[in-house]
Amino acid sequence: MTGKQGFCYDSLVRDCYRSGGYVYAARPGDVTGKPGVTRVARLASNENPDPPSPRAIEMGKAALCDANRYPGDQVTGLVSALQKYHGPYHFVTGVGMDGVIETVLRTFVCAGDRVAISTPTFSFYGLAAMGQGADVISVPRENDFSVDPVRFVREAADAKVSFLCSPNNPTGTVTPASDVAEILEGLSGILFLDNAYVEFCNEEYRPLMKKYGNLVIGRTMSKAFSLAGLRVGYAFVPEWMVPCYTRAMTPFSLNSVSASAAIGALEDADHVTRARERVTRLRDFVCRECRFPVHPSGANFVLVDVAPHKGCDVAARLAGRGVIVRSCESFPGLGDHYIRVSIGEEWEMKRFLEEINCL
Ligand SMILES: *Cc1c(COP(=O)(O)O)cnc(C)c1O
């Protein structure tokens, strides 16, 4: 679009938003209608196939009736519910954990500051850091996708904020809490530990909050709690961080319906237990039955090495047969021969195995 004297408005756009951006998984609408596809297996976004807890739905509906008022009480109520669920920690909330990540970066990172990221991993850390004008450095994982704490500390030494994801998206790798402690000892900046999938593994990181004043643990209601569509995230933060985070945050960003539904979801612990049991059972089943190598995972997905095929070819082929998985080519530093497969319902995993095992 051009204006006066042929001026190009799009030249106003910042360089970091001229191309690239978040890569979204395929959706059922992209594949239904293909011949022979009646039911689509949705294994690309690590969602919980179970609908939200009835308690979450009930509380969300009730909050909708008060939607003429700005949120406030509901968000305070969510913090209390989190303290009831987890214990006496300090919390901040956001529009998904993505929103929390963005606010944490906004709180600490000026243009030119360093942000370190343990890669390959979730792409949004890098995108959000770029949005702050940060100088992003990636610290590669080892060949088995484990994290070497000594190397991480060395390369992230002068970073304002560092990101470590455990269980890691897309590899599923769990970093032991003792290694996270070693990293925290060595860093002078903030460590953002992304625990989006922690409900699906047996590692416990929360006690680290008691000892380290530079640790933020990000959590989400999108995965185990079945609330992806409502965009609720939160973080365990040291007490000193609460007021500055609050000042940096967009006012009223978490809406009252989402906050209320999240309170309801936290009251239904059985919902998460069921998801955890299903994931553990079906993750083992997929590891056993898949004819390609599957990486050990502590999450509700597995990384499958489909070499000599390319991830994008396999994902496209499976999509054509009604099984949506994620090609991992958009994860920098991973290589082109991987797919990420969410652990869905039993019929979905059987469909995936039928298709993958005849490649
Ligand atoms: C899904 C995911 C998130 C963010 O989830 P929200 O839906 O924004 O709460 C954060 N980190 C990782 C690694 C994820 O996979």
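Worth saying up front: this structure is predicted, and the values here are computed from it rather than measured. (Residues numbered from 1 in each chain as written. Predicted model: local features only at pLDDT ≥ 70, side-chain atom pairs only at ≥ 80, totals over all residues. Heavy atoms only, no water.)

## Structural notes on the site of the ligand
In the vicinity of the ligand there are 14 residues, among which M97, D194, Y197, T220 and K223 approach most closely. In the model, an oxygen atom of the ligand is placed 2.9 Å from a nitrogen or oxygen of the N169 side chain. Take Y197: an N or O atom from its side chain is 2.6 Å from an oxygen atom of the ligand. For the ligand, whose unbound accessible area comes to 390 Å², protein coverage reaches 93%. With respect to the detected pockets, the ligand is housed in the largest pocket. Considering every element that reaches the shell around the ligand, the biggest residue donor is helix α4 (residues 96-108), with three residues. Among the residues forming the shell around the ligand, the class breakdown is six nonpolar, four polar and four charged. (Near = heavy atom within 4 Å. Polar contact = N/O pair within 3.5 Å; in protein donor to acceptor, adjacent residues only side chain to side chain. Areas by Shrake-Rupley, 256 points an atom, 1.4 Å probe, with all protein chains shown as cover. 1 Å grid on protein atoms, 1.4 Å probe; cavity = no way out; pocket = protein on both sides within 12 Å on 5 of 7 lines; lining within 4 Å. Sits in = over half its atoms within 2 Å of the grid points. Helix = DSSP H or I, 4+ residues; strand = E, 2+ residues; numbered from the N terminus. Nonpolar A, V, L, I, M, F, W, Y, C, P; charged D, E, K, R; others polar.)

## What to know about the domain arrangement of the protein chain
Entries for the protein chain in the domain assignment read domain 1 (23-50 + 270-356) and domain 2 (54-267). Look at where the C-alpha atoms of domain 1 and domain 2 centre, and you get two points 25 Å apart. Each partner contributes residues to the interface: domain 1 has 26 residues there, and domain 2 has 22 residues. Overall, the association of domain 1 and domain 2 removes approximately 1900 Å² of surface from exposure, summing both partners, and the carbon and sulfur fraction of that is 59%. Three residues stand out in domain 1 for area buried against domain 2, namely V272, R276 and G298, and they jointly supply 27% of the buried area on that side. At the surface where domain 1 touches domain 2, the tally comes to zero salt bridges. (Domains from an automatic or database assignment. Contact = heavy atoms within 4.5 Å. Buried area = accessible area lost by both parts, 1.4 Å probe. Salt bridge = Lys/Arg side-chain N within 4 Å of Asp/Glu carboxyl O.)

## Overview of unusual backbone geometry
Cis rather than trans, the peptide bond between S166 and P167 has omega equal to -10°. For P167, the position within the fold is in the loop between β5 (161-165) and α7 (177-186). Omega for the bond connecting A307 with P308 falls within 30 degrees of zero, at 10°, which places this linkage in the cis form. For P308, the position within the fold is in the loop between β9 (301-305) and α11 (311-320). In this structure, F145 takes a positive phi of about 70° despite not being glycine. Of note, F145 is situated in the loop between β4 (135-140) and α6 (149-156). Since its relative accessible area comes to 8%, F145 is described here as buried. (Buried < 20%, exposed > 50% of the residue type's maximum accessible area, 1.4 Å probe, protein only.)

## What to know about the environment of G172
By the element assignment, G172 lies in the loop between β5 and α7. When the C-alpha positions of G172 and A25 are compared, they lie 18 Å apart, and in sequence the two are 147 residues distant. Apart from the residues within four sequence positions on either side, G172 is in contact with P167, P296, S297, G298, A299 and F301.

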